[in-house]
Each structure stands twice: as structure tokens, then as C-alpha cells.
Amino acid sequence: MAPYTIRKYQDQDREVVMDMFIKGLLTHVPSAFFHLLKQPRSILLLLSVPGALFLGSGSLLLSLLALPGLLVFLWMAVRYPFNWYVDHALHTDMKDIRKSYLSDKGSCFWVAESEGQVVGTVCVCPVQQASRRQKCLELFHLSVSPEYRGQGIAQTLTQTVLQFAQDQGYDVVLVNALCFNYPAQRVYEKMGFWKSHEAFDSLKWRVIAIPFFYYEYSVPSSL
Ligand SMILES: CC(C)(COP(=O)(O)OP(=O)(O)OC[C@H]1O[C@@H](n2cnc3c(N)ncnc32)[C@H](O)[C@@H]1OP(=O)(O)O)[C@@H](O)C(=O)NCCC(=O)NCCS
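Residues numbered from 1 in each chain as written. Predicted model: local features only at pLDDT ≥ 70, side-chain atom pairs only at ≥ 80, totals over all residues.

J.: I keep staring at the overall build of the protein and nothing clicks. Help me out?
T.: The helix and strand inventory of the protein stands at eight helices and seven strands. Taking the principal axes of the C-alpha coordinates as reference, the protein spans close to 75 × 40 × 35 Å. Within the span of the protein, comprising 223 residues, buried residues form 25% of the whole. Residue pairs at least 24 apart in sequence account for 65% of intrachain contacts in the protein once pairs closer than 6 positions are excluded. (Helix = DSSP H or I, 4+ residues; strand = E, 2+ residues; numbered from the N terminus. Buried ≥ 20, exposed ≤ 12 C-beta atoms within 10 Å, placed from the backbone. Contact = placed C-beta atoms within 7 Å.)

Spelled out as C-alpha cells, the structure:
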């Protein structure tokens, strides 16, 4: 296991950081696809459309040919919210990482570096929730290069966030993870987060039946 250090983002990290962000997110598309395939609504679609075609046309070939078309349709449907998320981030917070995360002392962006290479990322920014009076920080873009996973780098990055939250006087750290992202869930739970609820982040995720798990961490008082 190569040693690594955690430091703040620098402008020369941008290309690697963006690559890690995009690949880290899109890596979930196959799991999301299989998750969707297991849903009753998908099974119903995959059975009913070929069935209706067979009953309507009497052609077994036609009904069998419909299957790959439906699978492609479901694959595209699953990809859509992931592509949307990447595109949205490229036009918002990830457009100018320094401006988004390093121009205010309440937010930050860190990278993990090993042998001169950026191998992990995480960032935080303050969030306001009308229902809460506490000072909340949200964790985003936790990602580790595939070759460096399983070495505790994500846990160290998360620990950096938790220390920052304490130093800056935050009360709560929030984060969410896809329902099937077991490594991320394991990291958050191991670091002391607890699952507050699960919900669909928006209609895009509801359509493909993928809820998010929402986690909270209560920052211990430094007094
Ligand atoms: C999630 C991610 C950041 C974890 O990075 P990492 O450096 O490998 O994480 P760590 O090594 O610190 O810890 C991973 C933990 O998950 C566990 N784990 C790995 N695969 C697992 C699985 N399929 N099911 C359950 N736990 C799993 C590991 O054993 C380890 O726990 P342990 O320390 O108790 O053994 C990394 O997988 C990643 O970049 N994924 C793509 C981007 C992503 O999903 N980011 C999270 C956004 S919410």
C-alpha cells in the first residue's frame, strides 16, 4: 500500500479531479441498470410488451426482437439521471472548483495524493435547511481511483471533513449515497454517520426506482 497525504485542491489538479468525478459517478450505471431490471415495473414491461406483440401479430420473432429494444430503452433511462448530474455539476460547482469551494472559509475541497498523483477527492459546503436551526455542512464528490480503493483513503478523506466541521463550528454533516452504493455506505457508517431516511432525490431518480440513503453526522462539541 503506497503512502498518501491529504491536501487542499490546486488548479493543476483539475483534469484528474474531473476525470475521477465523472468516472466515479458513471461507474454506477451498470449497478443501477441491474437494480432497475429487478423492479416489478421492469419485469412487467419486459413481459407485457413482447406478450402484447405476440398476441397482436402472432409473430414470435417480432416479440423476441422487442426485448433488446426494451433493454436499450431501460439502459438509456438509467443513464439519463447520471448524465444529467454530471452535466449539471459541470455547469455549477465543478465549473470553477476554486471559486465554488475555496473562496469561502466555510467550504473546502481536498484531494488525496499518492506518489505525486491525485487518487481521491472530497469537498464540503454549507447548506441551509429551513427545517433546522443547526449549522449544517454537506459532503460531496467523495471519490477514490479504482486502483487505490480498499485502502482506507475514503475514510481518511471523510475524517478530514469531520475535523473541518468541528474546527469550523458546524453542528451536523450531511451526505447521501445511492441505495446500492455499499462501499460508500460502509465508509459513512464506519465514520459515525447514521442513516436518517431514504428518498428519491427527484422525479428523475423516482422514474428509475433508485432512492438515495441520507446520512447525518452529529459533530461533537469542541468545548
Ligand atoms: C465509495 C468509495 C469512495 C470508497 O473508497 P475507498 O477508498 O475504497 O474506501 P475505504 O477503503 O476507505 O473503505 C471502503 C469500505 O467499504 C467496504 N466495502 C467495499 N466494497 C464493499 C461492498 N461491496 N459491500 C460492503 N462494503 C464494501 C470495504 O471493505 C471498506 O470497509 P472496511 O474498512 O471495514 O473493510 C469508492 O468506492 C469510490 O470512489 N466509488 C465511486 C464514487 C462513489 O461512489 N463515491 C461515493 C459517492 S456517495
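Next comes the rest of the account.
J.: Help me understand the pairing of strand 5 (residues 172-178) in this model?
T.: Taking burial as the measure, the seven residues of strand 5 include six buried ones, the bulk of the element. Inspection of the sheet shows strand 4 (residues 136-144) paired to strand 5 by three bridges, in the parallel sense. Its bridge partner being in strand 5, leucine 137 is matched across the sheet by valine 173. At this point the chain moves from strand 4, through helix 6 (residues 153-167), to the parallel strand 5, and the crossover so formed is right-handed. (Pairing = 2+ DSSP bridges. Right-handed = clockwise from strand over helix to strand, strands pointing away.)

J.: Is there a simple way to think about the domain arrangement of the protein in this case?
T.: Note: interface size is frequently given as the accessible area lost on complex formation between the parts. Assigned domains of the protein: these are domain 1 (5-12 + 96-218) and domain 2 (29-90). The straight-line distance from the C-alpha centre of domain 1 to that of domain 2 is 32 Å. Counting residues at the interface gives seven residues for domain 1, matched by 11 residues for domain 2. Classifying every residue of the side of domain 1 that touches domain 2 gives six nonpolar, no polar and one charged. (Domains from an automatic or database assignment. Nonpolar A, V, L, I, M, F, W, Y, C, P; charged D, E, K, R; others polar.)

J.: How should I be thinking about the nonpolar core in this particular structure?
T.: Nonpolar side chains in soluble globular proteins tend to end up buried together. Leu139, Leu157, Val161, Ala165, Val173 and Val175 are the most contacted members of the largest nonpolar core, which has 48 residues in total. Looking at this core, the element that brings in the most residues is helix 6, giving seven residues. With near-sequence residues (within four places) excluded, valine 173 lies in contact with Leu137, Leu139, Val161, Leu162, Ala165, Tyr217 and Val219. (Core = buried A, V, L, I, M, F, W, Y, C linked by C-beta atoms within 7 Å.)

J.: What's the story with the site of the ligand in this structure? I'm lost.
T.: What surrounds the ligand is a group of 20 residues, the closest being Gly24, Arg149, Ala154, Tyr182 and Arg186. Examining the composition of the shell around the ligand, we find that six residues originate from one element, helix 7 (residues 182-190), more than from any other. A class-by-class count of the residues in the shell around the ligand yields nine nonpolar, eight polar and three charged. (Near = placed C-beta within 6 Å.)

J.: Explain the packing of helix 1 (residues 14-26) against helix 4 (residues 60-91) here, please?
T.: A pair of packed helices is characterised by two quantities: the angle between their axes and the separation of those axes. Following both chains from N to C, one finds helix 1 and helix 4 inclined at 165°, their axes separated by 10 Å at the closest point. In this view, helix 1 runs roughly antiparallel relative to helix 4, as classed from their interaxial angle. Two packed elements cross with a definite hand, and for helix 1 against helix 4 that hand is right-handed. For the pair helix 1 and helix 4, contact is made by Ile22, Leu25 and Leu26 and by Phe82, Tyr85 and Val86, respectively. (Axes fitted to C-alpha atoms, helices over the stretch in contact; angles between N-to-C directions. Parallel < 35°, antiparallel > 145°, perpendicular 65-115°, else oblique. Left-handed = near helix turned anticlockwise from the far one by under 90°.)

J.: Can you help me understand the pairing of strand 7 (residues 212-218) in this one?
T.: For a regular strand, side chains alternate in direction, first toward one face of the sheet and then toward the other. Here strand 7 shows a clear split, with Phe213, Tyr215 and Tyr217 buried on one side and none of Phe212, Tyr214, Glu216 and Ser218 buried on the other. As defined by bridge partners, strand 5 adjoins strand 7 across seven bridges and the pair is classed as antiparallel. Paired with asparagine 176 across the two strands is tyrosine 214, which belongs to strand 7. In this sheet, strand 7 lies alongside strand 6 (residues 194-199) in antiparallel orientation, the contact comprising five bridges. Residue pairing for strand 7: alanine 199 is matched across the bridge by phenylalanine 212.

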